[in-house]
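Spelled out, the chains give:
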Amino acid sequence: MSSIIDYFKDLTLKKIIILIFIGLFILVILIDITSKVVGSVKKEPDMKVNPYDIFVSSDSQFEISLSKDYKLKDITSQPYILKLKSDENKVTILLSGHDKIDSSTLRQIADGDKKMYTNKFNSMSNISDLYETNILDNKQGYTYSFNYVKNKNGTDETYYFQTIWFETDSKYYIIDIDFPQESLETNSKLINDFLKGLKIST
């Protein structure tokens, strides 16, 4: 009789051991599946780096989005409402505003500015005519450019200088862009990007 009881005890113990192994096996599988699911949920998608810098004028009237490749920094100070500069590329962009003169047209103001401004520089060359241009979604503007010599640390370097005039309902605005003449081909894209990208803040 005792041998039969012992037999059933051994059989029950074996079943228990088998069930424990099966349970552990299932548990390991569940843990593995759960960790994969949780890991896929927690894994954040790759963040794309914004390739543009957004600059806003100090009066909050304008904003411009430009490629980070231009390496421009906002160093705005009076009397400008926006001053961007790249020491690496020797580029300076200035934006300033002036009260309107009711008795004069924008073209007259821009032409007078050209005559006055060009007299301030020595060793000027390649002075352009005054040309019409488009800015702020086809708003009319006027632009002129010239070369001048800048002396730094006893070394002369020829610079390209371009001025763009445009107006809103209440003010005239002037953009001045300045960089070495040797980089004109490269920075022509910067000029186009600035003129096309400048927007009135909403």
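Residues numbered from 1 in each chain as written. Predicted model: local features only at pLDDT ≥ 70, side-chain atom pairs only at ≥ 80, totals over all residues. Heavy atoms only, no water.

**Here's the deal with the pairing of strand S9 (residues 171-180)**
Counting buried positions along S9 gives nine out of 10 residues, so the element sits mostly inside the fold. For strand S5 (residues 91-99) and S9, the ladder comprises eight bridges, and the chain directions are antiparallel. By the bridge assignment, Leu94 is partnered in S9 with Asp176. The pairing of strand S8 (residues 155-167) with S9 spans nine bridges and is classified as antiparallel. By the bridge assignment for S9, Phe166 is matched with Tyr173. In sequence, S8 turns back onto S9 through a hairpin of three residues. (Buried < 20%, exposed > 50% of the residue type's maximum accessible area, 1.4 Å probe, protein only. Helix = DSSP H or I, 4+ residues; strand = E, 2+ residues; numbered from the N terminus. Pairing = 2+ DSSP bridges.)

**Some details on the sheet that holds strand S1 (residues 52-56)**
Strand order across the open sheet formed by three strands is S1-S2-S10, with antiparallel pairing between neighbours. Because the sheet does not close on itself, it has two edges, and the strands there are S1 and strand S10 (199-200). Its contacts with the sheet put helix H3 (residues 184-197) on strand S2 (62-67) and S10, and the angle it makes with S2 is roughly 145 degrees. (Contact = heavy atoms within 4.5 Å. Axes fitted to C-alpha atoms, helices over the stretch in contact; angles between N-to-C directions.)

**Quick notes on the side chain of Ser128**
Of note, Ser128 is situated in the loop between helix H2 (106-118) and strand S6 (131-135). Since its relative accessible area comes to 14%, Ser128 is described here as buried. Setting aside chain neighbours within four positions, we find Ser128 in contact with Lys114, Tyr144 and Ser145.

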